[in-house]
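# Geometric and topological summary
Chain residues, written in single-letter form:
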Amino acid sequence: MQSSSFERLGAMPPVSPVVVSVPHAGRDYPLALKTALRVPLAGLLPLEDRLVDAVARAARTDQTTIVQTRARAWIDLNRREDERDPLLDEGAPTMPLAQQSAKLRSGLGLVPRRASGAGDLWARRFTDADVTARIANDHRPYHAALTAALKAAHDRFGVAVLLDVHSMPPLGPSGSRIVIGDRFGHSAEPRFVTRIEAECVARGFSTAINAPYAGGHILERHACPAANVHAVQFELDRTLYLDRKLHAPGAGFARVVDLVRAILAALTDEALPVPLAAAAE
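Residues numbered from 1 in each chain as written. Predicted model: local features only at pLDDT ≥ 70, side-chain atom pairs only at ≥ 80, totals over all residues. Heavy atoms only, no water.

## Regarding the packing of aromatic side chains
- Within the structure shown, the criterion is met by two aromatic pairs.
- Geometry around Trp74 places Arg134 over its ring, the cationic atom sitting 3.8 Å from the centre.
- The aromatic ring of Phe126 is capped on one face by Arg134, whose charged end is 4.5 Å from the ring centroid. (Phe/Tyr/Trp six-rings, centres within 6.5 Å; stacked < 30°, edge-to-face > 60°. Lys NZ or Arg CZ within 6 Å of the ring centre and 35° of its normal.)

Have a look at this one:
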């Protein structure tokens, strides 16, 4: 299914308890965005989780997968609706600086104001109507699609597991290449993180848990481990699967696809009791 701003792959209702989300890889830059820029369009590229959607598409088998096609610079699906930047957005709620999230204070709110290496992005502020329309047309439909997929998976299997797929800049020479986030144990039972980490380590990838990325609004909004709905954020170092220019698939692309496919299988195995797994097949 293709909507105006996201694509849903796979069956509905889902045939797997695992649902995949790819919220930051969109490459659709609307004309209204381009005309409001004060920097070249290339200045927005650091906001993209460049081609991580291609990894997810190649790795998935039968998992229902929601892929945002609209660019993150237009609206960030991993931010709450009220994380509106008063320096950019005329409709932003009045909020003391101390009450704003760290991301919002840094210019990475619901509509990003800054990007790495580019500074301030926009030539003008956006009206309340501008941002409200983006929330209604892009933010809410994506989250509604995720909610529906997770509910349908839970209704069928009694459990649902969301893998929220992202990519990140390199963390430095000694940094981990993969970061697994569960909001410090609040968004998933530890066994799911353990299974993901085991698949990474078995294939020679270095990992970190919740540092520096613990998971954002998507995990906060959609996870409910007490109700057997689990969510994990999965961050890949872009140099693992892109070329040296971080623009196109590189030599490591197939290896990363193999890893993600193995993680999806491991999450399914962890989610389903043996008799239920056999019945699903």
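## Topic: the sheet that holds strand 6 (residues 160–168)
- In space, the seven strands of this open sheet follow the order 1-3-2-6-9-7-8, with mixed pairing throughout. Strands at the two margins of the open sheet, each flanked by one partner only, are strand 1 (6–9) and strand 8 (207–209). Ignoring which end each strand starts from, the neighbouring axes of this sheet average 20 degrees apart.
- Pairing analysis gives four bridges linking strand 2 (residues 18–22) to strand 6, with the strands arranged parallel. Bridge pairing links Val20 to Leu163 in strand 6. (Pairing = 2+ DSSP bridges. Helix = DSSP H or I, 4+ residues; strand = E, 2+ residues; numbered from the N terminus. Axes fitted to C-alpha atoms, helices over the stretch in contact; angles between N-to-C directions.)

## Things to note about the packing of helix 5 (residues 190–202) against helix 7 (residues 253–271)
- For the pair helix 5 and helix 7, interaxial distance at closest approach is 9 Å and the crossing angle is 150 degrees. In this structure, helix 5 meets helix 7 at a crossing whose hand is right-handed. Each of Arg191, Phe192, Arg195, Ile196, Glu199 and Cys200 in helix 5 lies in contact with helix 7, whose residues at this interface are Leu259, Ala262, Ile263, Ala266, Leu267, Asp269, Glu270 and Ala271.
- Across the contact of helix 5 with helix 7, the residue classes tally to nine nonpolar, no polar and five charged. (Left-handed = near helix turned anticlockwise from the far one by under 90°. Contact = heavy atoms within 4.5 Å. Nonpolar A, V, L, I, M, F, W, Y, C, P; charged D, E, K, R; others polar.)

## Focus: the pairing of strand 6
- For strand 6, a buried count of nine out of nine residues is recorded, marking the element as mostly surrounded by other parts of the structure.
- Burial along strand 6 is two-sided: the face carrying Ala160, Leu162, Asp164, His166 and Met168 and the face carrying Val161, Leu163, Val165 and Ser167 are both buried. (Buried < 20%, exposed > 50% of the residue type's maximum accessible area, 1.4 Å probe, protein only.)

## What to know about the pattern of salt bridges
- On inspection of all chains with the given rule, the structure shows 27 salt bridges.
- Between Glu81 and Arg140 there is a salt bridge, with the nearest N and O atoms lying 2.9 Å from each other. On the criterion of sequence distance, the pair formed by Glu81 in the loop between strand 3 (64–68) and helix 3 (102–105) and Arg140 in helix 4 (residues 128–157) is long-range, its members being 59 residues apart.
- Judged by relative accessible area, which is 44%, Arg140 ranks as partly exposed. (Salt bridge = Lys/Arg side-chain N within 4 Å of Asp/Glu carboxyl O.)

## Let's talk about the side chain of Glu235
- Inspection of the secondary structure assignment puts Glu235 in strand 9 (residues 229–237).
- Within the buried core, Glu235 has no salt-bridge partner, and the shortest N-O distance to an opposite charge, that of Arg238, equals 6.2 Å.
- Polar side-chain contacts of Glu235 include one of 3.2 Å to the side chain of Gln233.
- Look past the residues within four positions of Glu235 in its chain and what remains in contact with it is His166, Ser167, Met168, Arg177, Ile178, Val179 and Tyr213. (Lys, Arg positive; Asp, Glu negative; His and termini not counted. Polar contact = N/O pair within 3.5 Å; in protein donor to acceptor, adjacent residues only side chain to side chain.)

## Topic: the pairing of strand 9
- Of all nine residues making up strand 9, nine are buried, and the element is well covered by its neighbours.
- Of the strand pairs in this sheet, strand 6 and strand 9 are connected by nine bridges, and their pairing is parallel. When the bridges of strand 9 are listed, Ser167 appears paired with Leu236.
- Across four bridges, strand 7 (residues 178–181) lies against strand 9 in antiparallel orientation. When the bridges of strand 9 are listed, Gly181 appears paired with Gln233.

## What about the nonpolar core?
- Ranked by size, the top nonpolar core spans 39 residues in total, and within it Leu163, Ile178, Ile196, Phe234, Leu236 and Tyr241 carry the most contacts.
- At the level of secondary structure, the elements contributing two or more residues to this core comprise strand 2, helix 2 (52–59), strand 6, strand 7, helix 5, strand 9 and helix 7.
- When residues in this core are grouped by element, the largest group, nine residues, is from helix 7.
- Discounting chain neighbours no more than four positions away, the residues touching Leu236 are Val52, Val55, His166, Ser167, Met168, Arg177, Ile178, Tyr241, Val256 and Val260.
- In terms of nonpolar packing, the next biggest core, distinct from the first, is built from 37 residues, Phe6, Leu88, Val131 and Leu219 among them. (Core = buried A, V, L, I, M, F, W, Y, C linked by side-chain atoms within 4.5 Å.)

## Comments concerning helix 5
- Under the 1.5 Å per step criterion, the end-to-end length of helix 5 is 18 Å for 13 residues, consistent within 8% with the ideal 18 Å.
- Looking at the buried residues of helix 5, the elements they touch are strand 6, strand 7, strand 8, strand 9 and helix 7.
- Residue Gly204 follows helix 5 closely and has a positive phi angle near 85 degrees. (Expected span 1.5 Å × (residues − 1).)

## Looking at the packing of helix 2 against helix 7
- Close contact between helix 2 and helix 7 brings their axes to 8 Å; oriented N to C, the two are set at 55 degrees. Here helix 2 lies oblique to helix 7, going by the angle between them. Once helix 2 is placed against helix 7, the crossing between them reads as right-handed. Where helix 2 approaches helix 7, its residues Ala54, Val55, Ala58 and Ala59 are matched on the opposing element by Phe253, Val256, Val257, Val260, Arg261 and Leu264.
- Split by residue class, the contact of helix 2 with helix 7 holds nine nonpolar, no polar and one charged. (Parallel < 35°, antiparallel > 145°, perpendicular 65-115°, else oblique.)

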